[in-house]
Amino acid sequence: MGTFNFNGNVNAGIIGDNGTVNVNVGQQDTAAETLRLAAELARWLRDQGAAPERIEAADTLHGELDRAAQQRRAVEPGVVRRALETITLGLGVGSGGLALAQEIGRLLAN
């Protein structure tokens with residue numbers, strides 16, 4: 001089961017269609033949050049004893065996000081897509097890892 005932390009008041013005003021929660025954060029906050037989630041995903045995969053190729057993909061994803069932030073450039077979409085595909089292949093629906101990967105994808109799409 002995942003834990004979601006909201007920095008601010010959580011009320012009906014931020015809940016959108018179909019019960020989705022919309023939290024508006026700035027570009028810098030989004031990059032930092034995405035990097036944090038990528039590190040959490042890599043840690044989760046290690047804790048679960050995931051296959052080495054999944055852990056390597058998570059490290060690649062985290063590295064690309066970190067380098068892009070340091071160089072103030074956009075992430076390479078192909079690197080991110082391949083890493084997320086490798087990581088999520090075979091993860092169970094509702095698993096913490098899948099939720100983290102989906103959130104990273106959502107943040108990067110914005």
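See the structure printed just above.
Residues numbered from 1 in each chain as written. Predicted model: local features only at pLDDT ≥ 70, side-chain atom pairs only at ≥ 80, totals over all residues. Heavy atoms only, no water.

(A) Region of the structure containing the nonpolar core. L41, L45, L61, L84, I87 and I104 are the most contacted members of the largest nonpolar core, which totals 21 residues. Among the secondary structure elements, those contributing two or more residues to this core are α1 (27–47), α2 (52–71), α3 (77–88) and α4 (96–109). The residues touching L84, leaving out its near neighbours within four places in the chain, are L61, A101, I104 and G105. (Core = buried A, V, L, I, M, F, W, Y, C linked by side-chain atoms within 4.5 Å. Buried < 20%, exposed > 50% of the residue type's maximum accessible area, 1.4 Å probe, protein only. Helix = DSSP H or I, 4+ residues; strand = E, 2+ residues; numbered from the N terminus. Contact = heavy atoms within 4.5 Å.)

(B) Quick look at the pattern of salt bridges. Here the structure, examined in full by the defined rule, presents six salt bridges. The salt bridge involving R36 is made with E40; its shortest N-O contact spans 2.8 Å. Of this pair, R36 and E40 both sit in helix α1, four residues apart, roughly one helical turn. A residue is classified by how much of its surface remains accessible, and R36, at 41% relative accessible area, is partly exposed. For E40, a relative accessible area of 26% puts it in the partly exposed group. A salt bridge links R46 to D59; the nearest nitrogen and oxygen atoms lie 2.7 Å apart. Remark: D59 occurs in helix α2 and R46 occurs in helix α1; sequence separation between them is 13 residues. Among the charged side chains, a salt-bridge network with shared partners connects E33, R36 and E40. (Salt bridge = Lys/Arg side-chain N within 4 Å of Asp/Glu carboxyl O.)

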